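If you want the building blocks of each chain, they are given just below.
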Amino acid sequence: MANFDITKICDSVTLLTEVTLKEHNPYSFRKFDEAVGKEQAMVECYQVSGPYDYFARFICRDVAGYRGVTERLTEQLPISNIQSHCVMSKVKKFSGYPLGHLLDLET
């Protein structure tokens, strides 16, 4: 997988999204998981604990494109709420896993 700066290729907007499902049962979670696996604009998705069921990262051409994606998802899936946060700037870029810290190799 190559790392590159998407802003050098095209305009885009990144949105971090909190998703809450209407019902909390295996069918609803499975239906959501299967559908978002096919959603190209959603580049990451995590099932989480707490007041939301999922955190997702979307990359779209613009906010109108993102709105279209979320409208389609809410029509197809048992979603009760979507909270969206537009990324203004990236403060810290992912640079790899901190294996020294995770494996307690740092002294």
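Rules of the game
Residues numbered from 1 in each chain as written. Predicted model: local features only at pLDDT ≥ 70, side-chain atom pairs only at ≥ 80, totals over all residues. Heavy atoms only, no water. Phe/Tyr/Trp six-rings, centres within 6.5 Å; stacked < 30°, edge-to-face > 60°. Pairing = 2+ DSSP bridges. Helix = DSSP H or I, 4+ residues; strand = E, 2+ residues; numbered from the N terminus. Axes fitted to C-alpha atoms, helices over the stretch in contact; angles between N-to-C directions. Patch = residues over 30% accessible without salt bridge, like charges linked within 9 Å, V, L, I, M, F, W, Y side chains within 5 Å. Areas by Shrake-Rupley, 256 points an atom, 1.4 Å probe, with all protein chains shown as cover. Salt bridge = Lys/Arg side-chain N within 4 Å of Asp/Glu carboxyl O. Buried < 20%, exposed > 50% of the residue type's maximum accessible area, 1.4 Å probe, protein only. Contact = heavy atoms within 4.5 Å. Polar contact = N/O pair within 3.5 Å; in protein donor to acceptor, adjacent residues only side chain to side chain. Expected span 1.5 Å × (residues − 1). Arc of directions from axis to C-beta.

Draft legend 1. View of the packing of aromatic side chains. Taken as a whole and assessed by the stated rule, the structure comprises five aromatic pairs. By way of ring pairs, the aromatic residues Phe 29, Phe 32 and Tyr 54 are connected into one cluster.

Draft legend 2. Structural context of the sheet that holds strand E4 (residues 79-86). Ordered by their spatial adjacency, four strands build an open sheet running E2-E3-E1-E4, and the pairing between neighbours is antiparallel. This sheet does not close on itself; its edge strands, each paired only once, are strand E2 (42-47) and E4. When the angles between neighbouring strand axes are averaged without regard to direction, this sheet yields 20°. Pairing geometry for strand E1 (residues 13-21) and E4, over seven bridges, is antiparallel.

Draft legend 3. View of a nonpolar patch on the surface. There is a patch of nonpolar side chains on the surface, built from Phe 94, Tyr 97, Leu 99, Leu 102, Leu 103 and Leu 105 and spanning about 760 Å² of accessible area. By secondary structure assignment, the location of Leu 99 is in helix H3 (residues 99-102). Judged by its relative accessible area of 52%, Leu 99 falls in the exposed class.

Draft legend 4. The environment of Leu 77, seen in detail. By secondary structure assignment, the location of Leu 77 is in the loop between helix H2 (63-76) and E4. Assessed through its relative accessible area of 5%, Leu 77 is described here as buried. Taking the C-alpha atoms as reference points, Leu 77 and Ser 28, separated by 49 residues in sequence, lie 8.0 Å from one another. With near-sequence residues (within four places) excluded, Leu 77 lies in contact with Lys 31, Phe 32 and Ala 35.

Draft legend 5. Inspection of the side chain of Glu 18 at higher detail. By secondary structure assignment, the location of Glu 18 is in strand E1. One polar contact links Glu 18 to Tyr 52, side chain to side chain, over a distance of 3.3 Å. Apart from residues lying up to four places away in sequence, Glu 18 is in contact with Tyr 52, Tyr 54, Phe 55, Asn 81, Ile 82, Gln 83 and His 85.

Draft legend 6. A look at H2. Taking 1.5 Å as the rise per residue, H2 with 14 residues should run 20 Å; its terminal C-alpha atoms sit 20 Å apart, in good agreement. Within the sequence span of H2, burial applies to Tyr 66, Val 69, Thr 70 and Leu 73. Taken around the axis of H2, the buried residues stretch over an arc of 95°, which confines them to a single face. Capping of H2 at its N-terminal end is provided by Asp 62; its side-chain oxygen lies 3.3 Å from the backbone amide nitrogen of Ala 64.

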